Amino acid sequence: MDHQISLTAYLAAFVVELVQTGVKDVVVSPGSRSTPMAMVMAEHPEINIHIHVDERSAAFFALGIAKSTNKPVAILCTSGTAAANYYPAIVEARYSRVPLLVLTADRPHELREVGAPQAIDQIHLYGQHVKWFADMALPESSNDMIRYARTVCARAAAIASQAPAGPVHLNFPFREPLIPKIDEDTFRIEERPLGYVKVRNGEMTLREDEFREIAQKLNGKNGIIICGNIADDQFAQAVTELATVLKFPILADPLSQLRSGQHNIENIVETYDTFLRNEDAKSFLKPDVILRFGAMPISKALAIFLKENHQTEQLVIDGAGGWRDPGSLSTEMVFCNETIFCEQLLAFTERAKTGEFLEKWLEVNNLTKANMALIKDSQTLSEGRLFYQLAEMLPENATLFVGNSMPIRDLDSFFLNNHKSIKVMANRGANGIDGTVSTALGAAIYSQPLYLVLGDLTFFHDLNGMIASKLYGIDIRIIVINNNGGGIFSFLPQSQHPKNFELLFGTPLDLEFERAVQMFNGNYTKVEGWDDLSDLMNQSTQVKGLNVYEVLTNRNSNLTQHREFWQIVSEEISNFVKGVH
């Protein structure tokens, strides 16, 4: 049969199955070798094609779409180093449990390792950072090969979505000519009587006797619940109900989606990153048992607290069967869907008779919040006050995407409980600054209004990501905290070695971001004060396209303000604990 007819039939079968699995969004980076797949995809009426020239940015853009929708997104590129540029986003997807279908075009087998141009070794290119890899067969249109193309597609989408979600890599070798023959019958694929393979992914759970045994460990104990990054919309209601019965405080990481929403927030503790720096508080609040859900929390102070309570019974609940225990502290790994665990455990849990331990945590939490005057009354533009005011400034049902380094840590410290249903997102899989702008723009397609808050180095690192807003008219509001360098290093031991600190770690850029924003047809505003920022945020839902607000802060002043705040709170807590005893 004609090569182009076989090529078209094979790829049409794959694309039809792709849509059947629920994939609606594909991010394509232009290239020659990927031509046949790109052209077939572009013809399918149920696929949304997003073109992104830079493969590195394109992959993060797709990551953002997948994070927002919790559904697999496909990325397609040509052969050679184009595929290598996907690597950072694939690593992030792997460790943040985000489903991606990575489709790379390749030279046919006879052109590999013979000096052909734009031909690199793409077999297992991403190593262990993908959940599954397949080097696809060369296109044919026989019934067996059509079935093969559809089956592999279904399998790949299922594996990407299966807990823990993650990236899957399919490598497609294509011979020339690369132009498919597309007509009105291209997607009329003859079905088998029972259709093609359907994959059902279930949820992990436990036996009834296992729930009863765990409940016995918790009943009558002084315990705490720690919640990290969790994407399940049903989890907040389930875990807060469990906490109410057990009278356990919930230490809620900002990515747990527990600090904002319509669920019960009365037992949620959010300032632990501040008060767990105090030795008296840690002794006063020592638990008998710890339940931990989701990814490891951001707070280093909390991580140290967990290590110091290494003799305490610690149960890690993970519905994806992972091993999130960097300190080797868990006494039990419970492989059960987190929401199911909370709901089923309630049937065997006794309502706590006293809430004294819970009240201790809430009193210390409230004391910490009452002493935030140093942060909230700062007249100069400061990073702490910015995050303290975010919950107040953001509109109802906003999505807040936060960059790594200092912004995510300040969010952890100063973003307080509220009922605004603010969804908080970040790239915490590999904890890197790479691709933050692109990821946020991808998320903004389905999550509006979206606000991105990040540092100047993070913004610079992904400036070209802003092209997506220009090309597709994506609305985004970006707050750039510009302290002219890597502010987080001022809090780390490197700052005690000033000789080469600025050269190696401070890394001031001295950039004028206004010109970069204008290049992408964006609107730029330099924030002059708190009233200025408040006015911009009040008007933000009315503005369209790319809007960047630059907030200039001082690294040294920021360090001093944080330390003064920690010192004041520490003294207050020590006095409080001594007064109780």
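Everything numeric here is computed off the predicted structure, so don't read it as measured data.

**Student:** Break down the side chain of Thr240 for me, with residues and values.
**Tutor:** Structurally, Thr240 can be placed in helix H8 (residues 235-246). A polar side-chain atom of Thr240 sits 3.1 Å from the main-chain carbonyl oxygen of Gln237. Every residue in contact with Thr240, bar those within four places of it in the chain, is listed here: Ile250, His263, Asn264 and Ile268.

**Student:** Account for the state of the cysteines, with residues named and values stated.
**Tutor:** Considering all chains together, one arrives at zero disulfides under this definition. Cys342 provides the cysteine sulfur closest to Cys336, a residue in no disulfide bond, and the two sulfurs are 8.8 Å apart. In this structure Cys342 is a free cysteine whose sulfur lies 7.4 Å from that of Cys227, the closest cysteine sulfur available.

**Student:** I'd like to hear about the sheet that holds strand S8 (residues 250-252), residue by residue, with values.
**Tutor:** In space, the six strands of this open sheet follow the order S9-S8-S7-S10-S11-S12, with parallel pairing throughout. In the strand order of this sheet, the two ends are held by strand S9 (268-269) and strand S12 (332-334), each with one partner. Set on the sheet, H8 makes contact with strand S7 (223-227), S8, S9 and strand S10 (289-293); between it and S7 the angle comes to about 170°. In the packing of helix H12 (residues 338-345) onto the sheet, the strands contacted are S10, strand S11 (313-317) and S12, and the crossing angle to S10 comes to about 140°.

**Student:** Explain the pattern of salt bridges residue by residue, including any values.
**Tutor:** For the structure on display, the rule yields 24 salt bridges. Here Asp318 and Arg97 are joined by a salt bridge, their closest N and O atoms 2.9 Å apart. Of this pair, Asp318 sits in the loop between S11 and S12 while Arg97 sits in the loop between helix H5 (87-96) and strand S4 (100-106); the two residues are 221 residues apart in sequence, bridging distant segments of the chain. Note that Arg175 and Glu110 form a salt bridge whose closest N and O atoms lie 2.8 Å from each other. Here Glu110 lies in the loop between S4 and strand S5 (132-135) and Arg175 lies in the loop between strand S6 (167-173) and helix H7 (208-218), a separation of 65 residues in the sequence. Sharing partners across several salt bridges, the network here consists of Arg56, Asp434 and Asp462.

**Student:** Go over H5, please, and point to the residues and values.
**Tutor:** Residue pairs three or four apart in sequence face the same way in an α-helix, which turns once every 3.6 residues. If you check which residues of H5 are buried, you get Ala89, Ile90, Val91, Glu92, Ala93 and Ser96. Structurally, H5 contributes buried residues whose contacts are with helix H3 (55-69), S4 and S6. One or two residues past the end of H5 sits Arg97, with phi positive at roughly 60°.

**Student:** Run through the packing of aromatic side chains, naming residues and quoting values.
**Tutor:** The geometry of two aromatic rings is summed up by the distance between their centres and the angle between their planes. Tallying each qualifying case throughout the model produces twelve aromatic pairs. For the pair Phe14 and Phe172, a centre-to-centre distance of 5.1 Å together with 80° between the ring planes defines the contact as edge-to-face. Here Phe14 is found in helix H1 (residues 3-20), whereas its partner Phe172 is found in strand S6, with 158 residues between them in sequence. Residue Phe14 shares its accessibility class with Phe172, and that shared class is buried. Here Phe172 and Phe174 contribute two aromatic rings whose centre-to-centre distance is 5.9 Å and whose plane-to-plane angle is 25°, an arrangement assigned as stacked. Judged by its relative accessible area of 1%, Phe172 is buried. Directly above the ring of Trp566 sits Arg277, whose terminal nitrogen or CZ lies 3.8 Å from the centroid.

**Student:** Outline the nonpolar core, listing residues and values.
**Tutor:** Among the nonpolar cores identified, the biggest contains 60 residues, and Trp361 and Leu400 are the most heavily contacted of them. Ranked by residue count, the leading element in this core is helix H13 (residues 356-370), at six residues. Counting 48 residues, the second-largest nonpolar core is a separate cluster that includes Ala62, Val73, Leu454 and Met466.

**Student:** Please set out the sheet that holds strand S13 (residues 399-402) residue by residue, giving values where relevant.
**Tutor:** Taken together, six strands build an open sheet; the order of strands is S14-S13-S15-S16-S18-S17 and the sheet is parallel. Single-partner strands in this sheet number two, and they are strand S14 (423-425) and strand S17 (523-526). Geometrically, the sheet is characterised by an average inter-axis angle of 20° between neighbouring strands, direction not taken into account. Taken together, the three bridges between S13 and S14 define a ladder with parallel strand orientation. Counterpart to Thr399 in the pairing with S14 is Lys423. Against the sheet, helix H15 (residues 383-393) contacts S13, strand S15 (450-455) and strand S16 (476-482), and its axis sits at roughly 155° relative to S16. Where helix H16 (residues 406-414) meets the sheet, it contacts S13, S14 and S15, and its direction lies at approximately 130° from that of S13.

Rules and cut-offs
Along every chain, residues carry numbers that run from 1 in the direction the sequence is written. Residue-level local features of this predicted model are given only where pLDDT is at least 70; pairs of side-chain atoms are given and counted only at 80 or more, and the full residue set underlies all totals for whole chains, interfaces and linings. Side-chain descriptors were evaluated using all non-hydrogen atoms of the structure, hydrogens and water having been removed beforehand. The helix count covers DSSP runs of H or I at least four residues long, the strand count covers runs of E at least two residues long, and both are numbered beginning at the N terminus. Definition of a polar contact: a pair of N or O atoms within 3.5 Å, with one able to donate and the other able to accept a hydrogen when the atoms are protein atoms, and with sequence-neighbouring residues admitted only if both atoms are side-chain atoms. In this analysis, two residues are considered to be in contact whenever any of their non-hydrogen atoms come within 4.5 Å of each other. Pairs of cysteine sulfur atoms within 2.5 Å are identified as disulfides in what follows. DSSP bridges decide pairing: two strands pair if at least two such bridges lie between them. The angle between two axes is taken between their N-to-C directions and runs from 0 to 180 degrees, where each axis is a line fitted to C-alpha atoms and a helix contributes only its stretch in contact. Here, a salt bridge means any Lys or Arg side-chain nitrogen found within 4 Å of an Asp or Glu carboxyl oxygen. Per-residue accessibility, obtained with a 1.4 Å probe over protein chains only, is compared with the maximum for each type, and a residue is labelled buried under 20%, exposed over 50%, and partly exposed between these values. Any two rings among Phe, Tyr and Trp, with Trp reduced to its six-membered ring, count as a pair given centres within 6.5 Å; such a pair is stacked if its planes are under 30 degrees apart, edge-to-face if over 60, and tilted if neither. Remark: a charge is flagged as sitting over a ring if the NZ atom of Lys or the CZ atom of Arg is within 6 Å of the ring centre and within 35 degrees of the ring normal. As used in this record, nonpolar core signifies buried Ala, Val, Leu, Ile, Met, Phe, Trp, Tyr and Cys residues forming a set joined through side-chain atoms within 4.5 Å.

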